[in-house]
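Report on the structure
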Amino acid sequence: MSMKFYSTNGQSPAVNLQDALLAGQAPDRGLYLPAQIPRLPRETIASFAAKPYHQIAFDVLSQYTRGVIPDPDLARMCREAYDFGIPLEVIQGRKFLMRLDQGPTASFKDFAARMMARMFGFFLNQTGGKLTILTATSGDTGAAVARAFHGIPGVRVLVLFPVAEVSASQRKLMTTLQGNVRTLAVDGKFDDCQAMVKQAFADPDLRHIPLSSANSINIGRLLPQCVYYFFAASRLADTDEPVVFSVPSGNFGDMMGAVLAREMGLPVRKIIAPVNDNDAFPRFLATGVYQKVSPSRNSVSNAMNVGHPSNLARLTALYGGHMDETGKIHRQPDMDRMRRDLFSSSISDQKTRSSLKSFWEQYNILLEPHGVVAWQGFLDWAATEDMGQSPIVMVETANPAKFPEEVEKVVGWPPDVPFHMQAAMDLPEDFDRMTVEYGRFKAYLMKHQAS
Ligand SMILES: *Cc1c(COP(=O)(O)O)cnc(C)c1O
């Protein structure tokens, strides 16, 4: 028997992992969640201390893939996807920094994208299907998706990015791939790219082309993101105390990984989910009234500029409520339990910059604008509750070298480009240019679909 996944809107039938993955969003516009969250036995969680990351990933993910992906295939996928390090640095005492920036695009999105790409590849191989992945990006997601799907048979990737809004290093991570990845530099804004992608998904003329977005609401993006919380806890020696995690949040997929890990049995004391100026969630937690931020606000932690985090529909569901895709609450979740388990605060740009500087001066550890939001959110929480003996793990979601201008402005020098990013910096770029004209984009898409 394979696990079933239900839609948070409750109007579509439950499906297995393969169908949930290939569909992305449920037909009723809800998001998929496991019908029953499996609980790992204590002994299994204890055994993680002696296992490498890819084996922990196998133990966790196999709970969801049984019946649709044979264990030996999943084990191979985990080995291939997770061939890079996950440093857990001591900040001071029981405070740790987990760096999720050692993957090929130097952001935590590599963890999910690399596993999801292999799952797509596995299912397509079984069905003989072809798929074109269309992604509009403001930087990080497009790079992670493009690199993850590079070389996956049966898949063609088209990435649209706003030519003037993407940094040179972000661009090179996408445009140096060749093969089954095409990148389109659009003379417009991110919203223009997104609008063309959305129009293509809704276009009846394109219905014969199997399209997917592989975007952040896909259940295939969420499941792999609970693994590193198990990993972090397993590496904290000589403590049985439940862990506090601080996760800088935008669309709330990363922090949902921590929520899922706790539901699976990981002892977690608190999940801190700080945000930038897009403060819909901390206001919701404080008042019980949800109001999205529209339009979303720009801030230095630009990968978190999300006015209405789609994963809040999942969070609400896990706390017994119902939020639809527009952000309307049909049934209030258990706010008391949410407040007990979670904490959130909004970190201004000014605070982000000053905190980046003071963190460097105090600990000699260089963060970037997203990771420092995790740190500042932790400080906000520690002002309300005694941390006691709890270990605390801050999640650093990107490498400082992805944000050289901002980091240099604050500390006075540019961050080193790590070895794993340098390779892409030296390769020749290849991308096509496009104006914001849907007709032209459509013709391009028909020409470049998967075959
Ligand atoms: C995407 C991203 C985030 C936000 O993650 P969510 O899952 O959307 O909350 C944080 N930091 C970086 C560097 C990112 O790329």
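The structure contained in this document is the topic of the report that follows. Please read all numbers here as calculations on a predicted model, not as lab measurements.

Moving on, we come to the overall build of the chain. Looking only at helices and strands, one finds 19 helices and 15 strands in the chain. Computed over its C-alpha atoms, the radius of gyration of the chain comes to 21 Å, within 12% of the 22 Å expected for a compact globule of 451 residues. With 451 residues in all, the chain has 60% of them scored as buried. For the chain, long-range pairs separated by at least 24 residues make up 73% of all intrachain contacts whose partners lie at least 6 apart in sequence. Taken as a whole, the chain presents about 17600 Å² of accessible surface, with 49% of it coming from carbon and sulfur. For the chain, the separation between the mean place of its 46 positive charges and that of its 46 negative charges on side chains is 3 Å.

Attention shifts here to the environment of Trp 381. Mapped onto the elements, Trp 381 comes out in helix 16 (residues 371-382). Trp 381 sits 111 residues away from Lys 270 along the chain, and the two C-alpha atoms are 9.6 Å apart.

Inspection of the secondary structure puts Arg 99 in strand 4 (residues 95-99). For Arg 99, a relative accessible area of 10% translates into the label buried. At a separation of 2.8 Å, a polar atom in the side chain of Arg 99 contacts the side chain of Glu 89. Apart from residues lying up to four places away in sequence, Arg 99 is in contact with Ile 86, Pro 87, Glu 89, Ile 365, Leu 366, Glu 396 and Pro 400.

The omega angle of the peptide bond from Ser 294 to Pro 295 is -5°, so this bond is cis rather than trans. On the secondary structure map, Pro 295 appears in the loop between helix 12 (280-287) and helix 13 (312-318). Backbone geometry places Arg 29, a non-glycine residue, at a positive phi of 70°. As for its position among the elements, Arg 29 is in the loop between helix 1 (17-23) and strand 2 (32-34). For Ala 106, which is not glycine, the phi torsion reads 60° and is therefore positive. Tracing the backbone shows Ala 106 in the loop between strand 4 and helix 5 (109-127). Exposure remark for Ala 106: the relative accessible area of 0% places this residue in the buried category.

With that settled, the discussion passes to the site of the ligand. Close to the ligand lie 15 residues; Lys 109, Asp 140, Gly 250, Asn 251 and Thr 397 are nearest. In the environment of the ligand, an oxygen atom lies 2.8 Å from a nitrogen or oxygen atom belonging to the backbone of Asn 251. Between the ligand and Phe 252, the relevant distance is 2.9 Å, taken from an oxygen atom to a main-chain nitrogen or oxygen of the residue. Class assignment of the residues belonging to the shell around the ligand gives a composition of six nonpolar, six polar and three charged.

One can find Asp 101 in the loop between strand 4 and helix 5. Polar contacts involving the side chain of Asp 101 include one to the side chain of Gln 102, which spans 2.6 Å. A distance of 3.1 Å separates a polar atom in the side chain of Asp 101 from a polar atom in the side chain of Asn 399. Discounting chain neighbours no more than four positions away, the residues touching Asp 101 are Ala 106, Ser 107, Ala 398, Asn 399, Pro 400 and His 420.

Sheets are built from strands that pair by backbone hydrogen bonding, the pairs being arranged parallel or antiparallel. One open sheet holds the six strands; their spatial order is 3-4-14-9-10-13, and the pairing between them is mixed. Strands with a single pairing partner mark the edges of an open sheet, and in this sheet they are strand 3 (88-92) and strand 13 (342-343). Pairing of strand 9 (residues 243-246) with strand 10 (residues 268-272) involves four bridges; the strand directions are parallel. Note that in strand 10 the partner of Val 243 across the bridge is Val 268. Strand contacts of helix 11 (residues 253-263): strand 10, strand 13 and strand 14 (392-396), with the helix running at about 165° to strand 10, the strand carrying the most contacts.

Conventions adopted
Residues numbered from 1 in each chain as written. Predicted model: local features only at pLDDT ≥ 70, side-chain atom pairs only at ≥ 80, totals over all residues. Heavy atoms only, no water. Helix = DSSP H or I, 4+ residues; strand = E, 2+ residues; numbered from the N terminus. Rg over C-alpha atoms; globule rule 2.2 N^0.38 Å. Buried < 20%, exposed > 50% of the residue type's maximum accessible area, 1.4 Å probe, protein only. Contact = heavy atoms within 4.5 Å. Areas by Shrake-Rupley, 256 points an atom, 1.4 Å probe, with all protein chains shown as cover. Lys, Arg positive; Asp, Glu negative; His and termini not counted. Charge placed at Lys NZ, Arg CZ, Asp CG, Glu CD. Polar contact = N/O pair within 3.5 Å; in protein donor to acceptor, adjacent residues only side chain to side chain. Near = heavy atom within 4 Å. Nonpolar A, V, L, I, M, F, W, Y, C, P; charged D, E, K, R; others polar. Pairing = 2+ DSSP bridges. Axes fitted to C-alpha atoms, helices over the stretch in contact; angles between N-to-C directions.

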